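Residue strings, one per chain:
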Amino acid sequence: MNYLTDAEIATYCSTSGLTTKDIRDASATIDSYAGRSYGVLTYTEQVNLSCRKGFAKGKLRHYPRVTIEEVTARVLKPTGVTLVSYDPSSIYFDDEEFEYFTFVPQESAITPAFAMTAPYQLWHSPKPSSIIVKYTSGYEVIPEELKIATGMVADAIAANGGTST
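What comes next concerns the included structure.

Brief notes about the packing of aromatic side chains
Geometrically, a pair of aromatic rings is defined through the distance of the ring centres and the angle of the planes. For the structure on display, the rule yields six aromatic pairs. Between Tyr3 and Tyr38, the ring centres sit 6.2 Å apart and the planes meet at 75°, which makes this aromatic pair edge-to-face. Taken together, the residues span a long stretch of sequence, with Tyr3 in the segment before α1 (9–12) and Tyr38 in the loop between α2 (20–34) and β1 (41–48) at a distance of 35 residues. Per residue, the accessibility class of Tyr3 equals that of Tyr38, and both read buried. Aromatic side chains Tyr38 and Tyr139 sit 6.2 Å apart centroid to centroid with 20° between the ring planes, which places their arrangement in the stacked category. Pair noted here: Tyr38 is in the loop between α2 and β1 and Tyr139 is in the loop between β8 (130–137) and α5 (144–159), with a separation of 101 residues, a long-range link. Under the relative-accessibility criterion, Tyr38 is labelled buried at 16%. One aromatic cluster in this structure is built from Tyr3, Tyr38 and Tyr139. Between the NZ or CZ atom of Arg36 and the centre of the ring of Tyr63, over which it lies, the distance is 4.3 Å. Of note, Arg65 hangs over the ring of Phe93, and the distance from its end group to the ring centre comes to 3.5 Å.

This is how it looks when you write it as C-alpha cells:
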C-alpha cells in the first residue's frame, strides 16, 4: 500500500520527479523496518494465553486494530478436541494502540464486571491455552506523521540512487 497519493507527492517530498513506484518503495521500506504494514489488512493469529493474576492474557502483533472478526479455540473435552467459537467482544484491550488484551470468554452467563474480578479458573472450564483470532488492522486514514515519514524516506531513496531490487 502506498502511504501517499499521487497528489500528495509534491506536498510531502522535496525531490522533484518522484513517481508512484518511488512512493511504493518508500512505503515498503517503512513496512520492512517496522515489521508490519500500516495499511488495513486482515490477519489470523494463534495466540498463546498466559494466566496473570487469574486472568488470561494475550498479545496481537498488529495494531491499530480496526475490528475483531472471529475468536475460536481448540478445547479438549471428554469427547475429544472441539472447536469452540467465542464472541469477538471476549477480547478486551486497554487502548486501541495497545497490543495486549485480556480474554474473557462470553460463552458462560457472566457479566464483564464479574469477569474482571473473578479468577480465570473459576469461571471458565475447560480453559483454552491458546485462541485463534481473525482481525483487521491498520490505518483507514493514513496519519500525517506517516505521510511525512514516507516523503522523507522517498527523498532519501532518490538521493541515494534508488533501492536494489
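Notes on the sheet that holds strand β3 (residues 55–59)
The strands that make up a sheet pair up through hydrogen bonds in the backbone, lying either parallel or antiparallel. The four strands lie next to each other as β2-β3-β7-β6, forming an open sheet whose pairing is antiparallel. Across the chains shown, the open sheet's two edge strands, defined by having one partner strand only, are β2 (50–52) and β6 (91–93). On average, each strand axis in the sheet is tilted by 40° relative to the strand beside it, whichever way the strands run. The pairing of β2 with β3 spans three bridges and is classified as antiparallel. Paired with Cys51 across the bridge in β3 is Ala56.

Rules behind the numbers
Numbering of residues starts from 1 in each chain and follows the order in which that chain's sequence is written. Totals for whole chains, interfaces and linings use every residue, but because this is a predicted model, local features are given only for residues with pLDDT of at least 70 and side-chain atom pairs only at 80 or more, for both listing and counting. The basis for the side-chain values is all heavy atoms of the structure; hydrogens and waters are excluded. In this analysis, rings of Phe, Tyr and Trp, with Trp reduced to its six-membered ring, are considered paired at centre separations within 6.5 Å, and the interplanar angle assigns stacked below 30 degrees, edge-to-face beyond 60, and tilted for intermediate values. Here a helix means four or more residues in a row that DSSP labels H or I, a strand means two or more in a row labelled E, and each is numbered from the N terminus. The buried label goes to any residue with under 20% of its type's maximum accessible area, the exposed label to any with over 50%, and the partly exposed label to all in between, with areas taken from a 1.4 Å probe on protein chains only. In our convention, an over-ring charge means Lys NZ or Arg CZ found within 6 Å of a ring centre and within 35 degrees of that ring's normal. The criterion for strand pairing is that DSSP finds at least two bridges linking the strands in question. Axis angles are defined between N-to-C directions and span 0 to 180 degrees, where every axis is a line fitted to C-alpha atoms and, for a helix, only to the segment in contact.

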